Amino acid sequence: MEYRRLGNTGMYVSEISYGNWITHGSQVETEAAVKCVREALNQGITTFDTADVYAGTKAEVVLAKALKGVRRESYELFTKVYWPTGTGKNDRGLSRKHIMESCDASLKRLKTDHIDLYQAHRFDVETPLEETLSAFDDLIRQGKVSYIGFSEWNAKQISDALKIQDARGYNRFVSSQPQYSALWRVIESEVVPLSKKEGIGQIVWSPMAQGILTGKYLPGKKAPAGSRATDKKSGADFISRWMPEEVLTAVQKLKPIADGLDISMSQLALAWVLQNSNVSSAIMGATKPSQVKENVKASGIKLSADVMQAIDNALGKLPERDPKKNESPNPRA
C-alpha cells in the first residue's frame with residue numbers, strides 16, 4: 001500500500017480507502033463486515049470512510065465494532081453530515097443545530113472521541129454558508145474534529161466557502177469527496193483545477209462505477225445473482241444508469257487492456273483514478289475479504305499515457321463530463 005497526503009495537510013491517507021456506504025449494516029452482516037475491515041487493515045489500508053446516514057446510522061455502529069481494539073492513532077476515521085437521520089425538520093442539512101447534534105451522535109456510534117475528517121455530505125441550500133462554516137470551525141476548536149471537507153460541491157460553492165473561511169480566520173476545507181471514475185468525470189474541468197490551486201485533495205467514491213468497471217456485468221446477460229444490480233438494499237436503482245447495453249459493451253473493451261497489464265479490471269479502474277495527482281485516495285467497498293485483497297493491488301500501479309489513451313478510446317463518448325451534473329438537492333433533502 002502506498003500513501004498520499006490529504007490535500008496540503010500533513011496527514012497521510014492510504015491510496016485505497018475502505019468505505020461502507022451500502023454494505024455494512026445493509027448488504028453485509030456484521031460478522032462479514034468485521035472480516036472485511038480486518039483484511040483491509042492487514043493489507044495496509046488505514047483510511048475508513050462512513051457517514052451518519054449509511055444503513056440508517058447502522059454503518060457507523062458496525063464500523064466501530066470492526067475497529068474495536070485497533071490502536072486509534074493507527075487509522076484515519078472519516079464520516080459525514082447532511083442527509084436525514086430522522087423524521088424531524090432539523091434532522092438533516094447543515095444547520096448549526098444539526099451539525100453539532102449529528103457530530104455528537106456519530107462520535108457515540110463510532111465509539112471515539114474525535115473524527116479525523118468531518119465532511120458536509122452535500123451543499124445545503126437552506127442554511128447560510130457562514131452558519132455551516134462557523135459550526136465546522138467550532139468542532140475543530142473543540143477537538144472533536146481534526147479536518148473538514150465536503151462531498152459533491154461544485155466549484156462556485158467551494159470558492160464561496162473558502163473566501164468566508166479566509167475572511168473569518170476559520171479552518172479551511174482540505175478535502176473533496178466526489179464521484180469519480182473513468183465513466184464519470186464531471187470534476188475534471190472545474191473542481192479539480194480549483195482544488196489543486198487551493199490545496200484540497202479528492203477522496204473519490206464509486207471509482208468502479210458501482211461495480212460496472214469490474215466487467216462482471218455482461219451485455220445481453222442477466223446481472224449475476226447476489227450482485228449489487230440485483231439487490232434492492234444495496235443500490236440497484238443507483239447502478240441502473242450504467243446498465244445500458246452500449247455501456248456494458250464498451251466496458252468489455254477494457255478487458256484486453258487489463259489483461260495486457262496482467263491486472264484485473266477492478267484494479268485497472270482504481271489505478272485509473274489514482275493517475276490523477278489531485279486524488280488523495282480512492283474509496284472501495286467490499287462484501288468479502290477476497291475483494292479487499294484484490295483491490296488493494298491497484299495501489300502503486302502506474303498507467304502509461306498509451307494505456308490511458310486506450311481506455312479513452314474504448315469508452316468513447318460515454319463518460320459523463322458535464323460539471324453541472326455535480327449538484328446538491330434543491331430544496332434540501
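Residues numbered from 1 in each chain as written. Predicted model: local features only at pLDDT ≥ 70, side-chain atom pairs only at ≥ 80, totals over all residues. Heavy atoms only, no water.

A.B. asks: For this particular structure, what's the right way to read the pattern of salt bridges?
C.D. replies: Close approach of charged atoms allows side chains of opposite charge to pair. Throughout the structure, instances matching the rule amount to 18 salt bridges. Here Glu73 and Arg71 are joined by a salt bridge, their closest N and O atoms 3.7 Å apart. Like Arg71, Glu73 is exposed. One salt bridge connects Arg72 with Asp116, and the closest N-O pair in it is separated by 3.0 Å. Taken together, the residues Arg72 in the loop between α2 (58-66) and β5 (76-81) and Asp116 in strand β6 (residues 115-120) connect sequence positions 44 residues apart. Of the residues examined, Arg72 reaches a relative accessible area of 15% and is grouped as buried. Among the charged side chains, a salt-bridge network with shared partners connects Asp166, Arg172, Lys197 and Glu198. (Salt bridge = Lys/Arg side-chain N within 4 Å of Asp/Glu carboxyl O. Buried < 20%, exposed > 50% of the residue type's maximum accessible area, 1.4 Å probe, protein only. Helix = DSSP H or I, 4+ residues; strand = E, 2+ residues; numbered from the N terminus.)

A.B. asks: Help me understand the layout of surface pockets, please; the structure alone is not making it clear to me.
C.D. replies: Once rolled over the atoms, a probe with the size of a water molecule shows which space is left empty. Counted as a void, the second largest pocket has a volume near 180 Å³. Leu63, Ala64, Lys65, Leu67, Lys68, Gly69, Val70, Arg72, Tyr75, Leu77, Leu110 and Lys111 together form the lining of the second largest pocket. Counting residues per element, the lining of the second largest pocket draws most heavily on α2, which supplies 3 residues. Considering only residue class, the lining of the second largest pocket consists of 7 nonpolar, 1 polar and 4 charged. (1 Å grid on protein atoms, 1.4 Å probe; cavity = no way out; pocket = protein on both sides within 12 Å on 5 of 7 lines; lining within 4 Å. Points joined across faces, edges and corners; volume = space filled by probe spheres on them. Nonpolar A, V, L, I, M, F, W, Y, C, P; charged D, E, K, R; others polar.)

A.B. asks: Explanation requested: the packing of aromatic side chains in the structure shown.
C.D. replies: One pair of aromatic rings is described through two measures. These are the centre distance and the angle between the planes. Overall, the coordinates contain 10 aromatic pairs when judged by the stated rule. Aromatic pair Tyr18 and Phe48: ring centres 6.0 Å apart, planes at 50 degrees, arrangement tilted. With Tyr18 in strand β3 (residues 16-19) and Phe48 in strand β4 (residues 47-49), the pair connects residues that are 30 residues apart, well separated along the chain. For the pair shown, Tyr18 and Phe48 are each scored as buried. Between Tyr82 and Trp83 the ring centres are 5.1 Å apart and the planes differ by 85 degrees, which places this aromatic pair in the edge-to-face class. (Phe/Tyr/Trp six-rings, centres within 6.5 Å; stacked < 30°, edge-to-face > 60°.)

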